[in-house]
Amino acid sequence: MELGVESAAYRAMLQLERYVRGSGINPTLLELIKIRASQINGCAFCIDMHTKDARLNGETEQRIYALNAWRETPFFTTEERAVLALTEAVTLIATNPVSDEIYAEVSRYFTPDEIANLLMAIVTINGWNRIAITTQMIPGSYEPQSSSFAVN
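Residues numbered from 1 in each chain as written. Predicted model: local features only at pLDDT ≥ 70, side-chain atom pairs only at ≥ 80, totals over all residues. Heavy atoms only, no water.

### Remarks on the overall build of the chain
No. 1: Helix and strand content of the chain: 7 helices and 0 strands.
No. 2: Tracing the chain from N to C terminus, the helices and strands come up as α-α-α-α-α-α-α.
No. 3: If you line up the chain on its principal axes, its C-alpha atoms span 40 × 30 × 30 Å.
No. 4: Expressed as a percentage of contacts within the chain between residues at least 6 apart in sequence, the contacts between residues at least 24 apart total 69%.
No. 5: In the form shown here, the chain has an accessible surface area of approximately 7900 Å², with 58% of it arising from carbon and sulfur atoms.
No. 6: Here the chain carries 12 positive and 18 negative side-chain charges, and the mean point of each set is 2 Å from the other. (Helix = DSSP H or I, 4+ residues; strand = E, 2+ residues; numbered from the N terminus. Contact = heavy atoms within 4.5 Å. Areas by Shrake-Rupley, 256 points an atom, 1.4 Å probe, with all protein chains shown as cover. Lys, Arg positive; Asp, Glu negative; His and termini not counted. Charge placed at Lys NZ, Arg CZ, Asp CG, Glu CD.)

### Some details on the packing of helix α5 (residues 78-91) against helix α6 (residues 100-107)
No. 1: In contact at an axis separation of 9 Å, α5 and α6 are set at 145 degrees when each is read in the N-to-C sense. Crossing hand, α5 versus α6: left-handed. Contacts between α5 and α6 pair Ala82, Val83, Ala85, Leu86 and Ala89 from the former with Ile102, Glu105 and Val106 from the latter.
No. 2: When the residues that make up the contact of α5 with α6 are grouped by side-chain class, the tally is 7 nonpolar, no polar and 1 charged. (Axes fitted to C-alpha atoms, helices over the stretch in contact; angles between N-to-C directions. Left-handed = near helix turned anticlockwise from the far one by under 90°. Nonpolar A, V, L, I, M, F, W, Y, C, P; charged D, E, K, R; others polar.)

### Details of the packing of α5 against helix α7 (residues 112-134)
No. 1: Contact geometry of α5 with α7 gives a least axis separation of 10 Å together with a crossing angle of 50 degrees. In terms of orientation, α5 lies oblique with respect to α7. Crossing angle aside, the handedness with which α5 passes α7 is right-handed. Contact with α5, carried on its side by Val83, Leu86, Thr87, Val90 and Thr91, involves Leu118, Leu119, Ile122 and Asn126 of α7 and no other residues of that element.
No. 2: A class-by-class count of the residues in the contact of α5 with α7 yields 6 nonpolar, 3 polar and no charged. (Parallel < 35°, antiparallel > 145°, perpendicular 65-115°, else oblique.)

### Concerning the packing of aromatic side chains
No. 1: The final tally for this structure, using the stated rule, is 1 aromatic pair.
No. 2: Both rings, one in Tyr10 and one in Trp128, keep their centres 5.6 Å apart while their planes meet at 75 degrees; by these two values the pair is edge-to-face. In this pair, Tyr10 sits in helix α1 (residues 8-21) while Trp128 sits in helix α7, placing the two residues 118 residues apart along the sequence. Pair check on accessibility: Tyr10 and Trp128 agree, each one buried. (Phe/Tyr/Trp six-rings, centres within 6.5 Å; stacked < 30°, edge-to-face > 60°. Buried < 20%, exposed > 50% of the residue type's maximum accessible area, 1.4 Å probe, protein only.)

### So, the UniProt feature "domain: Carboxymuconolactone decarboxylase-like" (unreviewed entry) in the chain
No. 1: UniProt marks residues 9-88 with the feature "domain: Carboxymuconolactone decarboxylase-like" (unreviewed entry), using the numbering shown here.
No. 2: Each end of residues 9-88 is marked by a C-alpha atom, and these two atoms are 26 Å apart; helix forms 72% of the span and strand 0%. (UniProt positions renumbered as here; feature names shortened; annotations may be inferred.)

### Let's talk about α5
No. 1: Over its 14 residues, α5 runs 20 Å from end to end, which matches the ideal 20 Å to within 8%, given 1.5 Å per residue.
No. 2: By the burial criterion, the buried members of α5 are Glu80, Arg81, Ala82, Val83, Leu84, Ala85, Leu86, Thr87, Glu88, Ala89, Val90 and Thr91.
No. 3: Buried residues along α5 sit in contact with α2 (27-41), α4 (61-66), α6 and α7. (Expected span 1.5 Å × (residues − 1).)

Written out as structure tokens, the structure reads:
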């Protein structure tokens, strides 16, 4: 299946991605969000893309490999753990709603505006996951251009 990359809807997704990239979220944290949501959704293309981008931004192999078991490792900060819990809850919202505890924990580290931006980052990668999976994008084909902006 092929997606018309010139469609207005696709361009709107790109604009949303640009907004998220420019929202002030730490690039390392943003890639953790993207990798974790992509792991949950089973999006091989996005996992490949965002692990490459994370490495380009200085992320360690150890943290990338341990991300799907972040609760059992000492490798992530308390702020990152709060965001990873939020990422999982939003991504699995049908079966794992965002609890008051998760929201309270993320609120310890981020302002309401920052939380809104984190939420938009999570929503955006979930959208990209669905596009990549549905259109059968091939993992391994992505080559990072720079650390400043990757399409999804």
